[in-house]
Amino acid sequence: MVVKREDASPLPRVDAEALAGYGWGLWQQEALDALGGGGDEVGRVSAEHQGVFLVRFADGERAAALPGKMRRAVVRGEAIWPAVGDWVVVDRPPGGSVVLRAVLPRQTRLARKAVGEQRGEQVLAANVDVAFLVSALGADLSPRRLERYVALALEGGALPVVLLTKADLYEDVASAVEVVRSVAAEVAIHVLSSHTGLGLAALSPYFAGERTVVLLGSSGVGKSTLLNRLLGADVQAVGEVRADGKGRHTTTHRQLFRRPDGGVVIDTPGMRELGLWDAEAGVSSAFPDIEAIAEDCRFSDCRHEGEPGCAVVAAVAVGTLERGRLDSFLGLQVEARRAAAKAGPRSSNERVLGRAVAARLGRRRR
Ligand SMILES: Nc1nc2c(ncn2[C@@H]2O[C@H](COP(=O)(O)OP(=O)(O)OP(=O)(O)O)[C@@H](O)[C@H]2O)c(=O)[nH]1
Ligand SMILES: [Zn+2]
């Protein structure tokens with residue numbers, strides 16, 4: 001949803017040549033033409049900090065405010081809250097402050113269930129072509145978490161790529177890769193060390209054509225260190241990992257960077273609470289093996305939860321499908337459905353009822 005101007009003002013200024021290095025291209029131009037006139041200039045959101053946005057223009061980055069009118073439109077569901085990576089139209093009077101007025105329709109978007117109940121969906125990054133799903137090799141490597149990241153990337157329209165970092169600290173890389181491959185068969189996997197430089201050159205092709213790549217991964221897996229290597233400069237502070245092995249949260253807000261060798265990188269804060277939001281379709285495409293088996297289920301809408309003629313349950317019974325894999329699929333499906341239900345419009349009555357039910361069940365709310 002986009003706030004549209006009624007009057008037929010001229011199109012806002014866009015320095016296509018200068019912004020090409022930040023990902024401006026044909027579809028963005030088409031989206032701008034479709035949006036119509038109004039506003040002074042187009043730029044790309046490179047950071048957000050508590051409702052103040054940093055916008056990249058041809059002549060540098062400027063802070064931009066989201067005016068009350070647009071905030072109210074967001075609340076009414078008539079406009080979208082800008083995210084890092086969005087192309088935005090702004091008012092930029094000479095010598096005056098920069099004010100956001102519209103967000104161009106998104107080509108892709110990576111979103112998760114927000115931390116806390118009220119805020120709904122949280123878009124992590126917009127207009128992303130590739131999602132680098134970063135995990136550190138070692139004890140914290142979680143195939144189940146990676147499955148979620150793959151689902152999130154596919155649901156948002158980005159190409160998932162698994163990066164396994166800190167290879168210099170780890171002996172048995174091959175078996176870790178095997179484990180990851182078993183949950184992400186169709187996804188490219190790269191083993192890296194940002195300290196020795198191992199594997200980094202193989203990442204360049206993902207940036208070809210000034211594509212936008214986002215780094216996703218838990219805190220402490222080495223995203224900032226990798227970002228600095230990708231940019232050839234120390235732009236992001238690297239946190240010392242605590243003695244207990246848990247990463248420290250050093251990234252305060254996400255930011256968008258242009259690579260000197262081409263392409264754009266977006267660094268996000270650690271995803272402490274990765275939830276899925278309306279990602280049922282993404283969940284399915286992250287499990288192509290189960291989808292293939294499910295074609296033989298008797299019912300086309302089979303949920304593989306004990307329906308008659310279910311080929312998926314049968315495959316587990318004869319051992320061609322691992323039980324843990326199905327459990328993980330079903331768990332994510334339930335979560336995606338629950339999140340989708342929560343996203344629907346709810347009256348305050350229902351909300352009160354929901355709270356009463358939760359209290360009855362003795363579940364604590366955060
Ligand atoms: N040995 C080794 N250590 C690494 C490597 N990459 C990162 N580290 C270390 O891991 C720690 C965490 O790295 P960061 O880059 O801050 O991790 P992050 O994912 O950005 O963490 P947040 O900013 O909290 O999201 C730092 O002490 C890095 O020096 C690597 O390839 N090898
Ligand atoms: Zn079935």
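Data block above holds the structure.
Not measured: the values here are computed from a predicted model.

Chemist: Residue-level account of the environment of Glu-147, with values.
Modeler: Positionally, Glu-147 belongs in helix H4 (residues 143-156). Residue classification places Glu-147 among the buried positions, given that 21 C-beta atoms sit within 10 Å.

Chemist: Lay out helix H6 (residues 223-231) with the relevant residues and their values.
Modeler: What H6 keeps buried is the set Lys-223, Ser-224, Leu-226, Leu-227 and Leu-230. Buried residues in H6, looked at end-on, bunch into an arc of 160 degrees, giving them a common side. Taken together, the buried residues of H6 touch strand S8 (130-136), strand S9 (159-165), strand S11 (212-216) and strand S13 (264-267).

Chemist: Could you give an account of the pairing of strand S2 (residues 52-57), naming the residues involved and the relevant values?
Modeler: Along S2, 5 of the 6 residues are buried, which leaves the element largely enclosed by surrounding structure. Across 5 bridges, the pairing between strand S1 (residues 41-49) and S2 is antiparallel. Pairing of Val-45 across the sheet is with Val-55, part of S2. Pairing of S2 with strand S3 (residues 60-65) involves 6 bridges; the strand directions are antiparallel. If you follow Leu-54 over to S3, its bridge partner there is Ala-63.

Chemist: Provide a residue-level description of the pairing of strand S5 (residues 98-103), including the pertinent values.
Modeler: For S5, a buried count of 5 out of 6 residues is recorded, marking the element as mostly surrounded by other parts of the structure. Sheet topology places S3 next to S5; 2 bridges connect them, and they run parallel. If you follow Ala-65 over to S5, its bridge partner there is Val-99. Pairing of strand S4 (residues 87-91) with S5 involves 4 bridges; the strand directions are antiparallel. Pairing of Val-88 across the sheet is with Val-103, part of S5.

How each quantity is defined
Residues numbered from 1 in each chain as written. Chains lettered and ligands numbered in written order. Predicted model: local features only at pLDDT ≥ 70, side-chain atom pairs only at ≥ 80, totals over all residues. Helix = DSSP H or I, 4+ residues; strand = E, 2+ residues; numbered from the N terminus. Buried ≥ 20, exposed ≤ 12 C-beta atoms within 10 Å, placed from the backbone. Arc of directions from axis to C-beta. Contact = placed C-beta atoms within 7 Å. Pairing = 2+ DSSP bridges.

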